[in-house]
Amino acid sequence: MPHSDPDRPSTKRLKLDAVVAKAPPPKKGSAIFAPFRTVGLVSPTSVPFASIPLGKTTFQITTSVGRSLQTYDLKRGLNLVFVTRPQTPADITATYAWKEKVYAAWGDARNGEPQGIWAFQRGKKVAELELPADLDQPIRQILIFGAWIVACALTRIEVWKSATMEHYTTIFSSATQRGDNELTGGICNMPTFLNKIFVGRKDGWVEIWNVSTGKLIYTILPPNPNCGSVTCMEPTPALSLLAISYSAGPLILHNVLTDKSALRLNAGTEDAPVTSISFRTDGQGAGPDGRKDGVMATATSLGGDVTFWDLNKGGRIMGTLRSAHNPPSHAGTEIRGGISKVEFLSGQPVLMTSGLDNSLKSWIFDNSPFSPIPRILHTRSGHAAPVSCLQFLPTDFDGADAGNKWLLSGGQDRSLWGWSLRRDGQSTELSQGNIRKRAKKMGILSGSTLGHGSTTTLDDLKAPEITCIASSLNRDGGIGAMPGKQMMWDKGSDKTKLSTAEISGSTGWESVVTAHKDDAWARTWFWGRKRAGRWAFKTGDGAYVSTVAISSCGSFALLGSVGGSIDMFNLQSGRHRQRFPSRLTPAQVRQLRMQQLKSLDTVSKLQTHSGKSFTAGAGRHTDRVTGLVIDPLNRSVISCSLDGKIKFWDFLTGNLVDEIDWSPMTKITGCRYHPGNDLIAFSCDDHSIRVVDIETRHTIREFWGCRNTINDFCFSNDGRWIVAASQDAIIRVWDLPTSHLIDAFKLDNPCTAIAFSSTGEYLAGATQGELGVHIWTNRTLFTHVPTRQISEKEIGLVEGPTVSGEGGQGMLDAAFEVEVAAEEDENLSAPVVDQLSADMMTLSLVPKSRWQTLLHIDLIKQRNKPKEAPKLPEKAPFFLPAVGGDPNKQPALDAAKEAGVATSRITQLDRTRAEQVFTSKLLRGAATGDYNDFIDHLKALPPSTADLELRSLSMGEGEDEEVNELLHFIRALTSRLVARRDYELTQAWMTVFLRLHFDLIMESESLLKALAVWKEHQEREKQRLDSLVGYCGGVVGFLRSPRT
């Protein structure tokens, strides 16, 4: 606190000659966090994947993740092998794989974005196609065949030569009515049709163009005028047959040579037309035994089912793969799925599918006995809906660094994911049981449900959306926890299976607890086994679960409800252990009534109001519980609620111990606890964060600055920072010791959830409306970041991390960024202050060892002097040459002596120069009266050199004071003593000086007078310091005395 007396301001707060730094320019990004990469994206867009065989052993599948491409290897289990760099300036709209390259079209001129087509090879950009200057439409499809590269836009087709990549021509499709020439069905080519492409139009026509001449050859009309627009085309393995699907639902196999339909199927509906077709080319799959050719797969972007057709004998449905892909949970009940593309791999019984649920799957036909429906082979996926909560996995009892590797995330798609930040292939979704088997028992996947309209999807069989995650690995048994088949999320009240508890006691039990949206049950998970746990805990009042917590020992889970109840369960046995406040027994009820009768006495009332006291069974929250915390020693439970109260409960008894009431001033929306500093932070609805010390239960910090609702916040790993993400799309970092806002940066979209890794390396954040999780690295692990207060004007808009990691930085790259360090040094130049005030005695910054060595230089030299003459080495064997010490080699000694004499001359010359510098600075200071330059030079000398210089001081010739170095040295030290600077150095130098030149001083009157002046100032300063030290000692003794 500053001094309250205006007549006596604190001298420690004065800063003389301070340089006022100019206001820094607006920040370009974060000073602490550097973008790293984005995890969790596989196929989040509607752009179809591209496949290409890699030799005869495997296939590579390439998907679009916005502005980058990801390539997976099928033989390695869809392992990620390439991510393209650089990322495109705009979102990718079409892809195509040809030979060793992958082509990607990006941009939409209608939105003011640039456009282009880039070619990538092994993740690197190798070529770029030049687009026509008048192209103002996005490219929807790319096709490469023969010597041509063809790109299909909305109403025009661009053609390039594949050899030179030069633009060849542009094909325009004419329209009879406005909009009829829109190319809704895309383009395709057929074998044996040289230089020919087939173009599907909105009016149902299929045009055949020669790309070499740029002429329209023929037009295939729809079977009837009500078929609608063309939605998809695919050539069949049979020559001259083309599969064409229409928006009204029909699908025809058309003979291009005879212009006649060979087969017509009702493969889709007007609400869900077929948008993807593929044919099996391995010669099997059809017929009753699956040994005939002629299998076709169809899918729609408005449904998640894949239908398999046997085209023999007029065509029939062989089977339907129900819910191959599921939609995001916010997509609505009418939309049952979304598949962007299905494709049979060439010559293989494998089907690849990609969906709108951010997943890529491979299916194989190898069931025995024969089944027309394939089984899942590989899958790569992520969240199908935006992420709602994040948490880094804590370290386990062995001290492993799992807390820095694994990131838990819960999304609106009802899934719980564990992301590996080291190896992408290890990321996995925690299993919720065999969903497809459960769906078959319920009849959801039966064929009769196709005509019933809206049906239940596989997502509906999962647990509701996760809103809160709590974890502790101290009791996690890893992959061996609870071996064998166990029940999943048992909601029964009878949990008396002691054998289960005994087994879990030796192998470990659940380590993750989650709360779910609009659900009264909290659920447990096995992290080691990556699956759902045994228990489902219900809130005590039956209201929805609002928040969960888990003890650091991993044995107890706490649930808070929207009605205000708090319940504790044992994770090993699944039994209910405590309620906060605890339920009263009949004896406790009677005792409480007796206390209420006694409280009518006036004396009892006075005693009651003299301090806080809470009756047993009282103190329940009256509104939604928003946060729960258990201290590391399991002694107390802290809860906060929207009723504006913070309550401290006894862990064992469940009784209320203390309470902090902030109502009606504010409501508490969340809390975070850091066990290292024993501080707990609360976010409030007034857009502030308050920090409370659990030991004193007092508010020690309040952080303001958020302009909108605080979505999420967390402590840093060392408890020094608080990082908060608010609805104004700004992430702010406050420093707890200084209360300064030391960093802030703005994103394009608000951040809904953040998490800090336990090692401090990463900050994870989930943005609104996006499926991926952004990762930033922490620069402060390898560089210093000043805790300077920044203003709102310095907050700049930055781009988040990318999937490819382009523009991002690893920890070392971010830490040793030269430009940032230079900018900080330029903007944050600290003022150099030698002395805070002229009334204060200031010590020097010279190390203590230096001036102490000067005081005892004689003793040190005496101690280091050799005790005896060096001995000759023992005679070595005759075959080894002598190293030295041979007296017979007189010429060598003479040469060494001559060299020593020469060396001594050089040393004498350097010594003379040094003495001239010392003397010149001393005489210059005597002439000007300013000895600062001389004192600074003397402070920089090492002890041995300073001792030599002091010994070399002389009185000069005669009584001339101008050349009397001893007199000038005494006056230099006197001036330093008057300035009250370098007190300990002045005393050390004067001690050595008097010891060396005491005899000369006693013989000179001028030196005695100068020394008397120095002694007068010394006594005066000594008395002043003694009085100040005595006064301070008396005040401290008075305050520490028990009598006062």
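- The protein is annotated in an unreviewed UniProt entry as Utp21 specific WD40 associated putative domain-containing protein of Lasiosphaeris hirsuta.

Side note on the packing of helix α8 (residues 848-855) against helix α14 (residues 983-1003)
- Contact geometry for α8 and α14: axes closest at 9 Å, N-to-C directions at 15 degrees. Relative to α14, the element α8 is oriented roughly parallel. Crossing handedness for the pair α8 and α14: left-handed. Counting all contacts with α8, which are made through W851, L854 and L855, the residues of α14 involved are E984, L985, A988, W989, T991, V992 and R995.
- Looking at the contact of α8 with α14 residue by residue, the classes come out as 7 nonpolar, 1 polar and 2 charged.

Observations concerning the sheet that holds strand β24 (residues 306-310)
- Taking strand neighbours across the sheet as the criterion, the 4 strands line up as β22-β23-β24-β25 in an open arrangement whose pairing is antiparallel. The outermost strands of the open sheet, each flanked by one partner alone, are β22 (276-279) and β25 (316-321). Going from strand to strand, the sheet's axes swing by 25 degrees on average, the running direction of each strand aside.
- Taken together, the 5 bridges between β24 and β25 define a ladder with antiparallel strand orientation.

Digging into the sheet that holds strand β39 (residues 556-561)
- Within the open sheet, the 4 strands sit side by side as β38-β39-β40-β41. Their pairing is antiparallel. Looking along the sheet, the strands with just one partner apiece sit at the ends: β38 (545-550) and β41 (576-580). Each neighbouring strand pair of the sheet contributes to a mean axis angle of 20 degrees, computed without reference to strand direction.
- Taken together, the 5 bridges between β39 and strand β40 (residues 566-570) define a ladder with antiparallel strand orientation. If you follow F556 over to β40, its bridge partner there is N570.

Looking at the packing of aromatic side chains
- Under the criterion given, the structure shown has 21 aromatic pairs.
- Taking 5.8 Å as the distance between ring centres and 70 degrees as the angle between the ring planes, the aromatic pair formed by F193 and F198 counts as edge-to-face. Each member of the pair, F193 as well as F198, carries the same accessibility label: buried.
- Among the aromatic residues, those joined into a cluster by ring pairs are F918, F934, F969 and F993.
- For the cation-ring pair, K125 lies above W118, with the distance from its terminal atom to the ring centre recorded as 3.8 Å.

Thoughts on the side chain of Q578
- When you line up the elements, Q578 lands in strand β41.
- Its relative accessible area of 13% is what places Q578 among the buried residues.
- In this structure Q578 touches I566, D567, M568, F651, L652, T653 and G654, once residues within four positions along its chain are discounted.

Some details on the nonpolar core
- Ranked by internal contacts, the top residues of the largest apolar core, which has 34 residues, are F934, L938, L953, F969, W989 and F993.
- Breaking this core down by element, the ones donating at least two residues are α8, α10 (890-928), α11 (932-940), α12 (943-951), α13 (965-978), α14 and α15 (1005-1040).
- Ranked by residue count, the leading element in this core is α14, at 8 residues.
- What W989 contacts, discounting residues up to four positions off in sequence, is L854, I935, L938, K939, F969 and L973.

Some thoughts on the pattern of salt bridges
- If you walk through the whole model with that rule in mind, you get 41 salt bridges.
- With its nearest N and O atoms 2.6 Å apart, the salt bridge here joins R672 to D712. A residue pair is termed long-range when its members are at least 10 positions apart, and R672 in strand β46 (residues 668-674) and D712 in strand β50 (residues 710-715) qualify at 40 residues.
- The salt bridge involving D1026 is made with K1022; its shortest N-O contact spans 3.4 Å. With D1026 and K1022 both in helix α15 and 4 residues apart, this pair spans about one turn of that helix.
- Residue classification places K1022 among the partly exposed residues on the basis of a relative accessible area of 42%.
- One salt-bridge network, in which partners are shared between bridges, spans D858, K861, D947 and R951.

What about the environment of M568?
- Mapped onto the fold, M568 is located in strand β40.
- The class for M568 is buried, based on a relative accessible area of 4%.
- Considered as a pair, M568 and A549 are 19 residues apart in the sequence and their alpha carbons are 9.4 Å apart.
- Among residues more than four places away in sequence, those in contact with M568 are F556, A557, L558, R575, H576, R577, Q578, F580 and F651.

Things to note about a nonpolar patch on the surface
- A cluster of nonpolar residues, Y1031, V1035, F1038 and L1039, forms a patch on the protein surface that exposes about 450 Å² of accessible area.
- Position of F1038 among the secondary structure elements: in helix α15.

About the criteria used
- Residues numbered from 1 in each chain as written.
- Predicted model: local features only at pLDDT ≥ 70, side-chain atom pairs only at ≥ 80, totals over all residues.
- Heavy atoms only, no water.
- Axes fitted to C-alpha atoms, helices over the stretch in contact; angles between N-to-C directions.
- Helix = DSSP H or I, 4+ residues; strand = E, 2+ residues; numbered from the N terminus.
- Parallel < 35°, antiparallel > 145°, perpendicular 65-115°, else oblique.
- Left-handed = near helix turned anticlockwise from the far one by under 90°.
- Contact = heavy atoms within 4.5 Å.
- Nonpolar A, V, L, I, M, F, W, Y, C, P; charged D, E, K, R; others polar.
- Pairing = 2+ DSSP bridges.
- Phe/Tyr/Trp six-rings, centres within 6.5 Å; stacked < 30°, edge-to-face > 60°.
- Buried < 20%, exposed > 50% of the residue type's maximum accessible area, 1.4 Å probe, protein only.
- Lys NZ or Arg CZ within 6 Å of the ring centre and 35° of its normal.
- Core = buried A, V, L, I, M, F, W, Y, C linked by side-chain atoms within 4.5 Å.
- Salt bridge = Lys/Arg side-chain N within 4 Å of Asp/Glu carboxyl O.
- Patch = residues over 30% accessible without salt bridge, like charges linked within 9 Å, V, L, I, M, F, W, Y side chains within 5 Å.
- Areas by Shrake-Rupley, 256 points an atom, 1.4 Å probe, with all protein chains shown as cover.

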